[in-house]
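An overview of the molecular structure
Each chain, written out:
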Amino acid sequence: MSDLVNLTIDGMPVSVPPGTPLIEAAKQAGILVPHYCYHPSLPSPAVCRMCLVEVEKAPKLMPACVTVVAEGQVVNVNSPAAKKARESVLEFLLINHPLDCPICDQAGECELQDYVFQEGRSGSRYDEYAKRYNPVEDFGPDVLYIPNRCILCTRCVRFMEDVAGEPILNVSERGDRAHIGIDDGHLLDHPWAGNVVDLCPVGSLISKDFLHKARAWDLDKTASVCTGCSQGCNITIDTRDNTVVRLRPRANLEVNRHFICDTGRMNYRWMNRGDRIEAPLIREGARHAAVAWDPALDRFAQLVRGTSGPVVLLASAHLSTESLAMLKRLLEDKSLRAAVRIPVGEEAPLAGVSGLALRRERAPNGEAARMLGFGTDWEATVAAASGAALAVVVDEDLTEGEAAQVSRAKAVVVLGTAEPQVIASAQVVMPLTNTAEESGTFVNRDRRVQRYLQARAAPGMAQPGWWVAAETLGRVTGTDHQPTTAALAFALAASAVPALGGLSHESLGLVGQLARSGAETAGAGATS
Amino acid sequence: MGYPFPSHAKETVLLSRYFGDAAARTYDGWVKRGGYEGLKKALGMTREAVIEEVKNSGLRGRGGAGFPTGLKWTFMPKSVGPGRAHYLVCNADESEPGTFKDREIMRWTPHGLIEGCAIAAYAIGAERIYIYIRGEFTEPWAIMARAVAEAVEAGALGRSVFGSGNRIEVVLHRGAGAYICGEETAMMNSIEGKRGNPRIKPPFPAQSGVFGMPTTVNNVETLAAVPSIMMRGAAWYKALCLSSPKSTGTKLWSVCGHVQRPGNYEVTMGTPMKDLIFEMAGGMRPGRKLKAVIPGGSSVPIMTAEEIEDCPLDYEGIAAKGSMLGSGGMIVMDDSTDLVYQIMRLARFYAHESCAQCTQCREGTAWTTRILERILAGQGRPEDLDLLLDLADNMTGKTICVLSDSCAAPVVSGIKKFPEEFEAYVRQRRRAASSGSAPALAARS
């Protein structure tokens, strides 16, 4: 403990590493010092003056965001002087604020609203003239600037300058005429620019995509993981009436700090697709008939049991680790060739955060697939399907050419969310949940295993892939000791795959854990 | 001297000796008047000895804060390593309302300033000096530019100053008209090409200043005083003192307002304020009485006529009266002055010049101005005075720099010391005679 600094905050003893700002130390004492310009992922300019606290022996109130802890320091966050200072900042901020909360998207998750409610004055003493007025500005593809609501905390300016490395936002003008400006001829079209909307503590920078879609208090918020690429950024899925309306970054200092890219942010419409397969289908002659789960599972089990030739499994790299593992388990005693498709795109790094980028590999779970022994030689595997005894296609949209090849297999089973090309030739079609509709895990490019939770109810009879595989396996083997939850499915996978050994849904929590490396698993193998 | 008026007997002309003497502007003219001897002497001493001499002289910053100059220089790191350049910044962004002394120093004795800068640069181990000149100072700029070129030509600046092997170069940097750039950290940002916003301290300039390097910022008048300290010694300078021993040397006072002879007057520290106003500056216009004095530039509290009665002109004497020596920009107001209007005018200046970083300053200066404008328009309310005082309290000691405090100071001192002026307005007994002469603070639209 000798390398920690001991201080007292509002009477509570706190020990933190040297160099910690008071605002972070206060969090340890369970005290949130109200603040606007401070953000843990941005440099602190100490301009909003909202986090002023009383530090004993200091001649003036000190900004908690830049004042560093000192041994024996006595800090009072809620002393009368500090409270009066914060109350005055709130009053000053409100004199030019339109108070248009009833039509503001930020209402309900607005830090100005929250802190004014918490410790502001009940009324304003400003009754001079009309408030400052500036017209709304279109800042770029998804960002509107509403200057009247702006409190000039400059988080957006600092994000673009210090994190995105594209300093196109600035503070223009001086005094109470000041507003956020954008360089002439520029737009906020940086691949990570959308973060300024989340960073804005008030409703000044807002998302056009989310504009007037929902009130914050009507949203259900679910911890999830972005499916856009192999980075595995932590996100929150906001749903309203079972519809996903917004994705936002969820803090994970190891993966994405407080940011997500715009590609990930906008990658949610598919979660709400209406043209879904809602019931299991069995082919009867030239057409498919909707059936209950039992007949479909029976038919799939029958096909698996009866197959002696080569089996091809074509799966999506969007499937959960649980689903990939159970499907593999279902078919592993066959002569199996399994592959996932990994779409690729251009890499778009975020300059100011090392190890954070929109990755080339545009699927969330390619790493788990590789870990589980799936190949990535997609085209060759599709070609192999044409001669297979059984081809199983799981939640992957095949091209017309690919569908034609797969259709030449002796039997085709499709598990999917929406109608794929091969459906006409499929013996059985089974409805799957999508990522937003199930719980599971993804393994990101750094082998971090991360959980995502169910954000919306699945349509019709859709079930997660691992459930379908487990139910089928039970029928194939005649045992009913199959996993009934995602956590159990993960536990089963963890017992079989050395890299996942020792991990469980419970231990992963909401920030994930690293899978064991090859060396570690080799060591573990030698000792066990 | 009270240029353009002749020197007054009670003045001690040191910096202002050659004001009005165009021949002193040239290098040769300056050398003929004993110039650059101080620099040559300093170059023959160790850096430490130069600093010690300035420290012993008791010289304090003339820009406003009055910090001991020699002590400030000791804050600079001792060694100058590779990649750790030291910088001297000369603050010539004289924009404090009521102050016009640095302008005259640059106009008449540019080489005196350059010499002082070079001595300071040598003392702190700086090879480069930035002289940040207020943008509106076109004539001083031209004169300084010529003088720097001459000094380089003569070897007083350059790779090896007077063959001593010490490299000292001067870069003239022209401001763009923002008052706030006179604040030392805002000035450093401005020199770096950034928006002139004050920085948070710590780190202090001596640790991380211009371009992140150890930097000392000194006012023009401070640096201009250094050559004579070098030549005549610390003891001589220290003896220039009529009152508090903590205030030594001479101070240039820019006296403006309702005096008969406005101008720059240089007096020994501790000279009575009354002498300056009533003798040197010629006192009030006939039939007028002194009402109020802002002694040290617009940022300091107002003093009443009674308060100046026995007030000596030094840091401690003025502080004892609740105000500050500041930059020495003395604004004298007689009984024809509408103080409410004058205070509104000051507040409006600060509202216009606020850099907009800190909430209290950005919003508070403008709000204060609007209340004062409303009071002047005859729509004041008795509770406005308490509101103004509370706003001033909320604006004082809460922000990164002191612009906000500076706006509050005249408001608080005005209301406390001249309550009847404000009462007359809020009790509807008085209407402004002059409030229409300046446009109201406009909101951007």
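Residues numbered from 1 in each chain as written. Chains lettered and ligands numbered in written order. Predicted model: local features only at pLDDT ≥ 70, side-chain atom pairs only at ≥ 80, totals over all residues.

**Notes on the overall build of chain A**
Defined as follows: Helix and strand definitions follow DSSP, with helices as H or I runs of at least four residues and strands as E runs of at least two, each counted in order from the N terminus. Residues with at least 20 other C-beta atoms within 10 Å of their own are called buried, those with 12 or fewer are called exposed, and the rest are partly exposed. The C-beta atoms themselves are positioned from the backbone. Distance between backbone-placed C-beta atoms decides contact: two residues are in contact if it is within 7 Å.
Counting its regular elements, chain A contains 15 helices and 25 strands. In chain A, buried positions account for 52% of the 528 residues. Expressed as a percentage of contacts within chain A between residues at least 6 apart in sequence, the contacts between residues at least 24 apart total 63%.

**Brief notes about the interface of chain B and chain A**
One widely used convention gives an interface's size as the accessible area the parts lose upon coming together. Stated formally: By the convention adopted, Pro, Cys, Tyr, Trp, Phe, Met, Ile, Leu, Val and Ala count as nonpolar, Lys, Arg, Asp and Glu as charged, and the other residues, Gly among them, as polar.
Across the contact, 30 residues belong to chain B and 30 residues belong to chain A. Contributing elements (two or more residues each) for the side of chain B that touches chain A: helix H14 (339–353), helix H15 (359–379) and helix H16 (383–395) of chain B. A per-element tally of the side of chain B that touches chain A places H15 of chain B first, with eleven residues. Taken together, the residues that form the side of chain B that touches chain A break down as eleven nonpolar, eleven polar and eight charged.

**Points about the sheet that holds strand S22 (residues 428–431) of chain A**
Residue and element names in this part refer to chain A. For clarity, the threshold we go by: A pair of strands is labelled paired if DSSP reports no fewer than 2 bridges between them. What counts as an axis is a line fitted to C-alpha atoms, over the stretch in contact for a helix, and the angles between N-to-C directions run from 0 to 180 degrees.
If you trace the seven strands from one edge of the open sheet to the other, you get S15-S14-S22-S21-S20-S16-S17, paired in mixed fashion. The outermost strands of the open sheet, each flanked by one partner alone, are strand S15 (287–290) and strand S17 (335–341). Each adjacent strand pair in this sheet contributes to an overall mean axis angle of 20°, direction not counted. Pairing of strand S16 (residues 310–316) with strand S20 (residues 390–394) involves five bridges; the strand directions are parallel. Paired with Leu 314 across the strands is Val 393, a residue of S20. Across the face of the sheet, helix H10 (residues 378–385) comes into contact with S16, S17 and S20 while running at roughly 135° to S16.

**A closer look at unusual backbone geometry**
In this model, Lys 201 of chain B is joined to Pro 202 of chain B through a cis peptide bond whose omega is -5°. Within the fold, Pro 202 of chain B resides in the loop between helix H8 (184–191) and strand S4 (215–219). Note that the residue after Pro 202 of chain B, namely Pro 203 of chain B, is joined by a cis bond; omega there is 0°. Turning to its location among the elements, Pro 203 of chain B is positioned in the loop between H8 and S4. For Arg 49 of chain A, which is not glycine, the phi dihedral falls at a positive 60°. Locating Arg 49 of chain A in the fold gives a position in the loop between helix H1 (22–28) and strand S3 (52–55). A residue is classified by how many C-beta atoms lie within 10 Å of it, and Arg 49 of chain A, with 28 of them, is buried.

**Side note on the packing of H10 of chain A against helix H11 (residues 400–407) of chain A**
Residue and element names in this part refer to chain A. In plain terms, the rule: Note on terminology: angles under 35 degrees are roughly parallel, angles over 145 are roughly antiparallel, angles of 65 to 115 are roughly perpendicular, and the others are oblique.
As a packed pair, H10 and H11 sit with axes 6 Å apart at the nearest point and diverge in direction by 40°. As judged from the angle between their axes, H10 and H11 are oblique. Mapping the contact onto sequence places Val 382, Ala 383 and Ala 385 in H10 and Glu 402, Gln 405 and Val 406 in H11. Here the contact of H10 with H11 is composed, by residue class, of four nonpolar, one polar and one charged.

**Here we look at the domain arrangement of chain A**
All names here are of chain A. Note the cut-off: Where each domain starts and ends comes from a domain assignment, either automatic or drawn from a database.
When cut into domains, chain A gives domain 1 (5–92), domain 2 (98–272) and domain 3 (281–338 + 385–527). Each of domain 2 and domain 3 has a C-alpha centre, and the two are 38 Å apart. Where the side of domain 2 that touches domain 3 is concerned, the elements lending two or more residues are strand S11 (220–225) and strand S12 (234–240). Among the elements that make up the side of domain 2 that touches domain 3, the one with the highest residue count is S11 (four residues). A breakdown of the residues in the side of domain 2 that touches domain 3 according to their chemical character gives six nonpolar, ten polar and one charged.

**As for the environment of Thr 216 of chain B**
All names here are of chain B. With respect to the helices, strands and loops of the structure, Thr 216 is situated in strand S4. A C-alpha to C-alpha distance of 37 Å links Thr 216 and Ile 415, two positions 199 residues apart in sequence. Not counting residues within four places of it along the chain, the set of residues in contact with Thr 216 comprises Lys 72, Trp 73, Met 76, Leu 88, Ile 124, Pro 205 and Ala 206.

**Structural notes on the pairing of S17 of chain A**
A regular strand places its side chains so that they alternate between the two faces of the sheet. Residues and elements named next belong to chain A. Which entries qualify depends on this criterion: Look down the strands so they point away from you; if going from the first strand over the helix to the second traces a clockwise path, that crossover is right-handed.
Across the seven residues of S17, five count as buried, placing the element largely inside the fold. Two strands pair when backbone bridges link them, and S16 and S17 are joined in this way by seven bridges, in the parallel orientation. Bridged to Val 312 within S17 is Arg 337. The handedness of the S16 to S17 crossover, carried by helix H8 (residues 321–331), is right-handed.

**Focus: the nonpolar core**
Applied cut-off: When buried Ala, Val, Leu, Ile, Met, Phe, Trp, Tyr and Cys residues are joined through C-beta atoms within 7 Å, the set is termed a nonpolar core.
By size, the foremost hydrophobic cluster in this structure holds 295 residues, and its most contacted members are Val 53 and Ala 391 of chain A together with Val 89, Cys 90, Cys 117 and Ala 118 of chain B. Per-element accounting of this core gives the leading share, ten residues, to helix H6 (residues 110–124) of chain B. Here Ala 118 of chain B is in contact with Leu 39, Ala 156, Leu 157, Val 161 and Ile 168 of chain B, once residues within four sequence places are set aside.

**Observations concerning the packing of helix H3 (residues 47–57) of chain B against H6 of chain B**
Residue and element names in this part refer to chain B. We count it as follows: If you view the pair so one helix is near and one far, a crossing is left-handed when the near helix is turned anticlockwise from the far one by less than a right angle, and right-handed when it is turned clockwise.
Viewed as axis vectors pointing N to C, H3 and H6 meet at an angle of 120°, and their least axial separation amounts to 8 Å. Classified by the interaxial angle, the pair formed by H3 and H6 is oblique. Of the two elements, H3 crosses H6, and the hand of that crossing is left-handed. Mapping the contact onto sequence places Arg 47, Val 50 and Ile 51 in H3 and Ile 119, Tyr 122 and Ala 123 in H6. Classifying every residue of the contact of H3 with H6 by side-chain character gives five nonpolar, no polar and one charged.

**Considerations on the sheet that holds strand S1 (residues 87–92) of chain B**
Hydrogen bonds between backbone atoms are what pair the strands of a sheet, whose relative direction is either parallel or antiparallel. Residues and elements named next belong to chain B. The parallel open sheet is built from four strands, whose spatial order is S3-S2-S1-S4. Each end of this open sheet is capped by a strand with a single partner; those strands are strand S3 (169–174) and S4. Pairwise comparison of adjacent strand axes, ignoring direction, gives a mean angle of 20° for this sheet. In the sheet, strand S2 (residues 128–133) pairs with S3 via six bridges, with the strands oriented parallel. Across the sheet, the residue bridging to Ile 129 is Val 170, located in S3. In the packing of H8 onto the sheet, contacts are made with S1, S2, S3 and S4, and the angle to S1 comes to roughly 110°.

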